Amino acid sequence: MSGFVTQFGESFVGTGVNAAHINTVLGAKGGPVETAWATALAHPSQGHTPFVAVLRPGLPVKPFTLFVNKATISGDRHAEMTWGAAQAGVAKGVADAVAESIVESHAADEVLLIAAVWVDPRADDAQLVYANNARATLAALHAGQRGLPRIEDVLSARAAPFNAFFRPLE
């Protein structure tokens, strides 16, 4: 797909242990995203096993999506939340992005997606993990398509940065 510009997206949805934090990289096959995609798939590390996201067994989502867990799998329940609920949510979010033309359906076979996904090891509600990951994936892809964040938003937030794990005292 000549001329496709790689899109980067980020989204954080929800609160507490069932929140979803997604980073996306959407790029054309034949380019650097394909190299990164294939390399990550072929080189798993302990606790981090990238895999192709599926809507159901034998039906991968399109564009082909590599699910990369950002948190080391820390037990059976965390594995279920990551590879079950979060993975299903990511697949739904990608399919929703195609249905809403955030990712054009005619391009779905010509691009690849990497989704880096945070699932808190303490997550305890599979339905909420699923829903938050679906919404976060859709939002990250939407942000990538629109080139968000705007530089004005970045500059206006620089005086008071914070995240789910830290807020500076001022």
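Residues numbered from 1 in each chain as written. Predicted model: local features only at pLDDT ≥ 70, side-chain atom pairs only at ≥ 80, totals over all residues. Heavy atoms only, no water.

J.: I tried to follow the packing of aromatic side chains on my own but got confused; where do I start?
T.: The description of an aromatic ring pair rests on the distance of the ring centres and on the angle between the ring planes. For the structure on display, the rule yields two aromatic pairs. On the numbers, 4.8 Å between centres and 20° between planes, the contact of F51 with F67 is stacked. With F51 in strand β3 (residues 51-52) and F67 in strand β6 (residues 65-69), the pair connects residues that are 16 residues apart, well separated along the chain. Summarising the burial analysis for this pair, F51 and F67 share the class buried. Geometry around F162 places R167 over its ring, the cationic atom sitting 3.9 Å from the centre. (Phe/Tyr/Trp six-rings, centres within 6.5 Å; stacked < 30°, edge-to-face > 60°. Helix = DSSP H or I, 4+ residues; strand = E, 2+ residues; numbered from the N terminus. Buried < 20%, exposed > 50% of the residue type's maximum accessible area, 1.4 Å probe, protein only. Lys NZ or Arg CZ within 6 Å of the ring centre and 35° of its normal.)

J.: Just to check I follow, could you spell out the side chain of N133 for this structure?
T.: Looking at the element boundaries, N133 is found in helix α3 (residues 126-146). What makes N133 buried here is its relative accessible area of 1%.

J.: What is the right way to look at the environment of I102 in this model?
T.: If you trace the backbone, I102 turns up in the loop between α2 (76-99) and β7 (111-118). Sequence-wise, I102 and P57 are 45 residues apart; in three dimensions their C-alpha atoms are separated by 25 Å. Not counting residues within four places of it along the chain, the set of residues in contact with I102 comprises A97, L138, L141, H142 and Q145. (Contact = heavy atoms within 4.5 Å.)

J.: Is there a simple way to explain the sheet that holds β6 in this structure?
T.: Strand order in the open sheet made by the five strands is β1-β2-β7-β6-β3, with mixed pairing throughout. Single-partner strands in this sheet number two, and they are β1 (7-13) and β3. Sitting on the sheet, helix α1 (residues 32-42) is in contact with β2 (20-28), β3, β6 and β7, with an inclination near 50° to β7. (Pairing = 2+ DSSP bridges. Axes fitted to C-alpha atoms, helices over the stretch in contact; angles between N-to-C directions.)

J.: What is the right way to look at the side chain of N132 in this model?
T.: Note on placement: N132 falls in helix α3. Assessed through its relative accessible area of 3%, N132 is described here as buried. Reaching out from N132, the side chain makes a polar contact with the backbone oxygen of N18 at a distance of 2.8 Å. Ignoring any residue separated from it by four or fewer positions in sequence, one finds N132 in contact with V13, G14, N18, A19 and A20. (Polar contact = N/O pair within 3.5 Å; in protein donor to acceptor, adjacent residues only side chain to side chain.)

J.: Help me understand the packing of α2 against α3 in this model?
T.: The axes of two packed helices give the description: the angle between them and the distance between them. In the contact formed by α2 and α3, the axes pass within 7 Å of each other and the chain directions differ by 40°. Compared by their axis directions, α2 and α3 come out oblique. Crossing of α2 against α3: the hand is right-handed. Side by side, α2 and α3 meet where R77, M81, A85, A86, A88, G89, V90, K92, G93, V94, D96 and A97 of the first sit next to A126, V129, Y130, N133, A134, T137, L138 and L141 of the second. Broken down by class, the residue content of the contact of α2 with α3 amounts to 13 nonpolar, four polar and three charged. (Parallel < 35°, antiparallel > 145°, perpendicular 65-115°, else oblique. Left-handed = near helix turned anticlockwise from the far one by under 90°. Nonpolar A, V, L, I, M, F, W, Y, C, P; charged D, E, K, R; others polar.)

J.: Even after reading the chapter, I still don't get the pattern of salt bridges, so can you show me in this structure?
T.: Opposite charge on two side chains lets them pair, provided their charged atoms get close. Per the counting criterion, the structure on display carries five salt bridges. With a shortest N-O distance of 2.8 Å, R122 and D120 are connected by a salt bridge. Under the relative-accessibility criterion, D120 is labelled buried at 6%. Across the pair R150 and D153 runs a salt bridge, and its minimum N-O distance is 3.0 Å. Take D153: its relative accessible area is 35%, and that puts it in the partly exposed class. (Salt bridge = Lys/Arg side-chain N within 4 Å of Asp/Glu carboxyl O.)

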